[in-house]
Amino acid sequence: MRGIPSSALILGGTREAAALAARLSDLGVPRVLTSLAGRTVSPEMPAGDLRIGGFGGVDGLASFLRMENFDVLIDATHPFAATISQNAVEASALTGTPYLALRRPEWQAADCDNWLSVASIRDACDTIPASARAFLALGRQHIGAFAARDDVHFIVRMVDPPETALPFRSCDLVIGKPSADVETEAELLEAYRITHIVCRNSGGEGAYAKLLAARDRGLPVIMIERPPAPGGRSHPSIDALLAAFN
Ligand code: NAP
């Protein structure tokens with residue numbers, strides 16, 4: 001791409017997408033439209049315009065791009081949102097709309113970390129040893145997959161209480177958000193005598209403290225790796241992405 005675009009469609013749903021919308025607006029891009037899937041009831045208003053809801057697959061997204069004639073399509077969705085990212089690459093190819101991805105780097109294990117890398121939630125479930133006390137550091141939509149493990153005690157943290165009972169034979173529910181403070185996360189590991197953490201390799205700083213706390217304690221982390229990226233140019237930061245316009 002050459003120069004700052006006149007219009008950008010940002011596929012959002014992440015902090016990075018909101019920050020990018022703000023940066024592009026600050027740079028004077030006349031039209032910045034953020035698209036959200038609609039999973040959050042009252043999303044924060046990004047800088048620029050907002051639309052909410054699916055496009056209707058690749059064809060729907062391609063029609064939208066043709067109709068609205070955006071200079072660039074920027075995929076700033078969560079690294080585990082694989083369908084919309086694949087759709088974005090394909091719709092970009094169909095319409096000739098330049099495509100850029102903003103994707104936060106994966107967390108990397110240090111030599112002293114004890115990570116067990118797995119490819120899926122199902123593999124993670126199979127990897128937990130019997131009698132473990134496993135902290136499911138996962139969104140609530142993913143925890144049901146672990147219900148069959150009635151030989152494991154689960155610790156689940158949720159921001160809001162669940163509407164229905166958790167599907168486990170044995171579990172503790174912690175109401176609260178992930179903390180960015182390592183000591184706070186260490187206290188949780190200690191208080192619930194956690195023996196394993198199960199999480200996805202989302203990257204970013206917000207949920208990293210628990211991994212540092214696990215490192216300090218030599219605790220095993222069952223790390224669900226990302227789905228393969230769909231191709232196209234990917235940038236690890238907003239600055240790197242903006243540099244692509246020069
Ligand atoms: P997904 O499986 O890749 O997408 C499912 C469908 O949701 C897509 O086919 C698309 O519908 C619609 N969609 C997704 N993102 C959209 C967007 N930004 N704008 C318009 N439509 C969108 O995604 P997901 O895992 O359900 O995640 C949904 C959204 O939540 C994403 O935007 C993502 O950034 C955000 N998010 C996801 C996670 C996660 O763990 N997956 C975590 C934090 C935030 P159509 O085919 O009809 O277009």
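Residues numbered from 1 in each chain as written. Predicted model: local features only at pLDDT ≥ 70, side-chain atom pairs only at ≥ 80, totals over all residues. Heavy atoms only, no water.

Novice: Sorry if this is basic, but what is going on with the side chain of Asn201 here?
Specialist: Looking at where Asn201 falls in the secondary structure, it is placed in the loop between β10 (196-200) and α6 (209-217). The class for Asn201 is buried, based on a relative accessible area of 2%. Here the side chain of Asn201 touches Trp107 through a polar contact of 2.8 Å, landing on its backbone nitrogen. Setting aside anything within four residues of it in sequence, one finds Asn201 in contact with Phe80, Glu106, Trp107, Trp115, Met223, Ile224, Glu225 and Arg226. (Helix = DSSP H or I, 4+ residues; strand = E, 2+ residues; numbered from the N terminus. Buried < 20%, exposed > 50% of the residue type's maximum accessible area, 1.4 Å probe, protein only. Polar contact = N/O pair within 3.5 Å; in protein donor to acceptor, adjacent residues only side chain to side chain. Contact = heavy atoms within 4.5 Å.)

Novice: Help me understand empty space enclosed by the protein in this model?
Specialist: The probe, sized like a water molecule, is rolled over the atoms to show the empty space still left. For the structure on display, the rule yields one cavity of 30 Å³ or more. Computed from the structure, the largest cavity encloses a volume of approximately 30 Å³. Lining the largest cavity, in full, are Thr14, Glu16, Ala76, Thr77, His78, Pro79, Leu102, Arg103 and Arg104. The residue inventory of the lining of the largest cavity, partitioned by class, reads three nonpolar, three polar and three charged. (1 Å grid on protein atoms, 1.4 Å probe; cavity = no way out; pocket = protein on both sides within 12 Å on 5 of 7 lines; lining within 4 Å. Points joined across faces, edges and corners; volume = space filled by probe spheres on them. Nonpolar A, V, L, I, M, F, W, Y, C, P; charged D, E, K, R; others polar.)

Novice: Would you take a moment to explain the site of the ligand for this structure?
Specialist: Around the ligand, the structure places 22 residues, and the nearest of them are Ser35, Arg39, Phe55, Gly56 and Arg200. Gly56 has a polar backbone atom sitting 2.9 Å from an oxygen atom of the ligand. Ala81 has a polar backbone atom sitting 3.3 Å from an oxygen atom of the ligand. Here the ligand, which alone exposes 800 Å², has 76% of that area covered by the protein. (Near = heavy atom within 4 Å. Areas by Shrake-Rupley, 256 points an atom, 1.4 Å probe, with all protein chains shown as cover.)

Novice: What am I meant to see in helix α1 (residues 15-26) here?
Specialist: Note on helix geometry: an α-helix contains 3.6 residues per turn, so any two residues three or four positions apart are oriented the same way. The first and last C-alpha atoms of α1 sit 17 Å apart over 12 residues, in line with the 16 Å expected at 1.5 Å per residue. Looking at α1, one finds that the buried residues are Ala17, Leu20, Ala21 and Leu24. Seen along its axis, α1 keeps its buried residues to an arc of 105°; they face one direction. In α1, those exposed residues whose orientation departs by more than 90 degrees from the buried face are Arg15 and Asp26. Where α1 is buried, its residues touch β1 (7-11), β2 (31-36), β4 (72-75), β5 (99-102) and α7 (238-243). Downstream of α1 by one or two residues, Gly28 has phi in the positive range, about 90°. (Expected span 1.5 Å × (residues − 1). Arc of directions from axis to C-beta.)

Novice: What is the right way to read the sheet that holds β5 from this model?
Specialist: Backbone-to-backbone hydrogen bonds join strands into a sheet, with any given pair of strands oriented parallel or antiparallel. Here we have six strands laid out as an open sheet, ordered β3-β2-β1-β4-β5-β12, and parallel in their pairing. Of all strands in the sheet, those bounded by a partner on one side alone are β3 (49-52) and β12 (233-235). Each strand axis lies, on average, 25° off the axis of its neighbour in the sheet, ignoring direction. As paired elements, β1 and β2 share five bridges and run parallel to each other. Note on β2: the bridge partner recorded for Ala8 is Val32. (Pairing = 2+ DSSP bridges. Axes fitted to C-alpha atoms, helices over the stretch in contact; angles between N-to-C directions.)

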